[in-house]
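# Overview (structure and organization)
Given next are the chains, with one letter for each unit.
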Amino acid sequence: MYSEITGPLLVLIGTILFAIPLGRYIGKLYNGESVWTDKILQPLDRLLYFLAGVNPNTPMRWQQHLRALLTINLVWFLFSMFVLMNMGWLPLNPDQNPSMSADLAFNTSISFISNTNLQHYSGESGVSYLGQLVLVLFQFISAGAGMAVCAVVFKAMKEKQGTQLGNFYFYFVRSCTRVLLPLSIVLSVILLFRGVPMTFQGKDQFISLQGDTLHVSRGPSAAMIAIKQLGTNGGGFFGANSAHPLENPDAITNAFENSAIFLIPVAMIFALGYMLKRRKLAWMIFGVMTIGVLLLLIPTIQQEMNGNPAIRSLGIAQPLGSMEGKEVRFGSAASAFWAITTTCTSNGSVNAMHDSLTPLSGMFAMLGMMINAFWGGVGVGFLNFYVFIIIAVFISGLMVGRTPEFLGKKIEAKEMKIASIIALLHPLLILAGTALSSYLYAHHPQEYAGWLNNSGNHGFSEMLYEYTSSSANNGSGFEGLGDNTPWWNISCGVVMLLGRFLPIIGPVAIAGILANKKQVPETAGTLRTDTATFGIMTFAVIFIVAALSFFPALALGPLAEYFGIIH
C-alpha cells in the first residue's frame, strides 16, 4: 500500500517544486524581461509576427484583447471544419480513415479550439494523420490563448496600470514558443525513448502469442501526447487515451505525463506573484487551490485502494484495490491520482476508465470539474478563481461595513454583476443540459434508449458527467454513454463554446474595468487579500457557490449509487 502511494506523492511534490522556478520564468516572459531562451527563439517569434502581420509592441485595451482572441479561434474553427470533413481525400491518410460528418466535425472543432478535447470518435480510426496534426496545432493554440488572456488579467491587476494592457499577440506567441514548445520537445523525447511511436507509416502487423495476425495503429503520437498533457488539452492520439500502451507504456511515462498535467497551471500562480510582486497573494491562492485538490484526491485514492464495496460484500479479496477499468501496470493509487489531477485541471486525459471508478470517486472527479477553480486549465484556471476572489472581496467588505477593494481598486456593482453571471453560468450549462437529456431519454425511449449502457443512477451520472466535462472544458467522460449522435455532438459543442469563452470574457472585462479605476491608498482598515483568513473566505465562497449548486444532481447520481451498493 505504501509503495503505491509513494509514486503519486513524489510526482505531486516534484511537480510543485519545479513549478516555482517555472512560474518565475513565465512572469519574466510576460513582463518582457530578458530570459535565457531569447537567443534561441527570438528569431522564431519575429518570423511569426511577420507572417501574421502584427506588431507585438502595440498596446491594447481589454476589448481589443478579446477581439483578437475570438478572431483567432474563429479562423481556426473554419479551417478545422474543412479538414475534418474532407479527410477521406486529403493527404496523410495511410489507413484510409473516413471524413467526419458535419455534426461530429462541429463537435471536434469546438472541442479542440476550446481546450476541451472531448472526443466523440476513436483517435486511431476516426482521424487521419493530417487531422491529428491539425488537432496537435490546436492544442498549442488553445493552451497559448488561455495563457495569454491570463497574462492580460495579471497585467491589469498591477498598480496604476491604466487601460493599456500589453499586446495579446506578444503574450500568445511567447506562451507557445517559450513555454509550451520547449517543454513539449523535452517530454516528447522522453516518451520516444520509452517506446511511444512517432511515424507517418500506417498500421503495423504482428503475430500474437496465440498465433493471430493483428494490425496495430501507430502514427506521430509522441508529439501530440506531450502537448495534450502540458496544455491541459487531454485529447489522445488513441481512443483509450493514456490507458493505451502506445501512449503511456510504463510507470515512468505515467509519472512524467501526470506531472505535465498540472505543471503549468501551478506555475501560473507563481507567475502572478512575480509579475505583481505579491508573493504572499500567490501563496494564498496556491494554498486554497491545493487544499481543495487534496480534499478530493485523498478520499479518491482511499476509495480506489479499498476496492469496490459491492465485491467486498461478497467476501472476495481485492488486494490490488478496485481494478475494473484500470491498467495493472499503473495500479489503483496512480489511477486515482491521475483521475483527480486531470479533472481538477481541465485536462481530461485518462489512464483508467472513469466509468469504472467507484461511485464516490466518480463524484469527486465530477466535483473537480464542477468547481473548476482548483489549479484549473492553463491560464483559465486562475480566471475562474479570480471570479471567486471578486465575490469573496465583495462579501467580506459588506460583512465589515467597508467599500470592497481588491489590490487598491473598488469593487462596485458592475464588476459584481459580471462575476455573479459567470459564477452561475457553469451550473446553468451543466444542469440544464443534463435535465434536457434526461427528459429526452425518459420520454422518447424508442429514439434515445441506445444512449446509455447503464440504467438508473449510474446512467444519470454518465449524462451529468458529459455536460460537466463539456462546460469545464475537460474532455474526459463516463464512456458508457453513446455520445456520437447529433444531439450529443451539437449540445455538447454549444456547452463547450459557452463554457470556454464567456468565463474568459467576464474576468478580462472585470480586470479591464478595475485597471481603469483610480488607485485607492491602502489604510489600516483595508481588507488584506494575501492572508489565511481571506483564503478561508474564498474557499467558503467556492464551496457555497460552486459545490452546493450541484448537490441535488450528485444526490441523484453517484451518491444514490453509492448508498445503493453498500445497502
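Everything in this summary refers to the structure shown in the same document. (Residues numbered from 1 in each chain as written. Predicted model: local features only at pLDDT ≥ 70, side-chain atom pairs only at ≥ 80, totals over all residues. Heavy atoms only, no water.)

Right, let's get into a nonpolar patch on the surface. There is a patch of nonpolar side chains on the surface, built from I5, L9, I13, L17, I20 and W283 and spanning about 540 Å² of accessible area. The element contributing the most residues to the nonpolar patch is helix α1 (residues 2-31), with five residues. As for its position among the elements, I20 is in helix α1. (Patch = residues over 30% accessible without salt bridge, like charges linked within 9 Å, V, L, I, M, F, W, Y side chains within 5 Å. Areas by Shrake-Rupley, 256 points an atom, 1.4 Å probe, with all protein chains shown as cover. Salt bridge = Lys/Arg side-chain N within 4 Å of Asp/Glu carboxyl O. Helix = DSSP H or I, 4+ residues; strand = E, 2+ residues; numbered from the N terminus.)

The subject of this paragraph is empty space enclosed by the protein. Under the defined criterion, the tally for this structure stands at six cavities of 30 Å³ or more. Its boundaries defined by the atoms lining it, the largest cavity holds a volume of some 280 Å³. Taken together, 26 residues make up the lining of the largest cavity; nearest its centre are N372, N384, H426, G499 and P503. Contributions of two or more residues to the lining of the largest cavity are made by α13 (359-371), α14 (380-400), α15 (413-443) and α18 (486-515). Broken down by element, the lining of the largest cavity gets its largest block of residues, six residues, from α15. Considered class by class, the residues forming the lining of the largest cavity number 15 nonpolar, ten polar and one charged. Space inside the second largest cavity adds up to approximately 80 Å³. In terms of residue count, the dominant contributor to the lining of the second largest cavity is α18 (three residues). Grouping the amino acids of the lining of the second largest cavity by side-chain chemistry returns eight nonpolar, one polar and three charged. (1 Å grid on protein atoms, 1.4 Å probe; cavity = no way out; pocket = protein on both sides within 12 Å on 5 of 7 lines; lining within 4 Å. Points joined across faces, edges and corners; volume = space filled by probe spheres on them. Nonpolar A, V, L, I, M, F, W, Y, C, P; charged D, E, K, R; others polar.)

Spanning 13 residues, α13 covers 18 Å between terminal C-alpha atoms, matching the ideal 18 Å at 1.5 Å per step. Counted residue by residue, α13 has 13 buried out of 13 residues, so it is predominantly covered. In the stretch just after α13, N372 is the one whose phi turns positive, near 60 degrees. (Expected span 1.5 Å × (residues − 1). Buried < 20%, exposed > 50% of the residue type's maximum accessible area, 1.4 Å probe, protein only.)

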